[in-house]
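# Descriptive analysis of the structure
Here are the chains, one letter per residue:
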Amino acid sequence: SSGINAEYGITLSDHHESVLSAAQHTLQINCVENGKVVPLDWTTRGPVEEEYDVTIAADVVFDPRVLPHLVQTIKKNLSSPHRKDQVSYICSTVRNKETYGKFLDEIDEQGLVITDLDVSGLKSTYFSGADVVKLIKLEL
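Here goes a summary of the coordinates provided. Being a predicted model, the structure only gives us computed values, none of them experimental. (Residues numbered from 1 in each chain as written. Predicted model: local features only at pLDDT ≥ 70, side-chain atom pairs only at ≥ 80, totals over all residues. Heavy atoms only, no water.)

## A short note on the pattern of salt bridges
- Applying the stated rule across the entire model yields four salt bridges.
- Taking the shortest distance from any N to any O, the salt bridge between Arg-65 and Asp-63 comes out at 2.8 Å.
- On the basis of relative accessible area, Arg-65 is assigned to the exposed category, the value being 68%.
- According to the relative accessible area criterion, Asp-63 is buried, its value standing at 15%.
- Put simply, Glu-106 and Lys-102 hold a salt bridge, and the shortest N to O gap is 3.6 Å. Note that Glu-106 and Lys-102 are positioned in helix α3 (residues 97-109) at a spacing of four residues, about one turn of the helix.
- You can call Lys-102 partly exposed: its relative accessible area is 31%. (Salt bridge = Lys/Arg side-chain N within 4 Å of Asp/Glu carboxyl O. Buried < 20%, exposed > 50% of the residue type's maximum accessible area, 1.4 Å probe, protein only. Helix = DSSP H or I, 4+ residues; strand = E, 2+ residues; numbered from the N terminus.)

The following block contains the structure:
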């Protein structure tokens, strides 16, 4: 069977059990050989158990109350003493400009470097032309 054989592994995470179950199913149906699913709650202050070179997050900017925890979690991963040049990519549909602005403020407060990436040429069947989609790169 052909599948995805990630050289360094793929980890999918979420806080909700139903999403974790769907993520596990996604790994199985795509025959991902080096994949795993782990629960992740941004509000816990525990250590990041694993270190990642690249973090990709989508549709995570939705609740202003958890944004400080989200950005702190991203910063923890970017701050690994054992790895260099770590990067996070965050893709968001801006449903509420105030919430997205708070997210950007949190990034600034945590001292992360933000780069806006141009997605204007991308076409999607999931979003209407009225949706504003932002893709950013975060680094230390």
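## Let's talk about the packing of aromatic side chains
- Under the counting rule described, the total for this entry stands at two aromatic pairs.
- With a centroid separation of 6.4 Å and an interplanar angle of 40°, the aromatic rings of Trp-42 and Phe-62 are classed as tilted. Here Phe-62 lies in the loop between β3 (54-58) and α2 (67-78) and Trp-42 lies in the loop between β2 (35-39) and β3, a separation of 20 residues in the sequence.
- Using a relative accessible area of 18% as the deciding quantity, one classes Trp-42 as buried. (Phe/Tyr/Trp six-rings, centres within 6.5 Å; stacked < 30°, edge-to-face > 60°.)

## Focus on the nonpolar core
- Leu-70, Ile-90, Phe-103 and Leu-138 are the most contacted members of the largest nonpolar core, which totals 18 residues.
- Sorting the residues of this core by element identifies α2, α3 and β6 (133-139) as the ones contributing at least two each.
- Ranked by residue count, the leading element in this core is α2, at five residues. (Core = buried A, V, L, I, M, F, W, Y, C linked by side-chain atoms within 4.5 Å.)

## Brief notes about unusual backbone geometry
- The phi dihedral of Cys-31 falls on the positive side, at around 50°, and the residue is not glycine.
- If you trace the backbone, Cys-31 turns up in the loop between α1 (17-29) and β2.
- Phi is positive for Asp-85, close to 60°, though the residue is something other than glycine.
- Take Asp-85: its relative accessible area is 75%, and that puts it in the exposed class.

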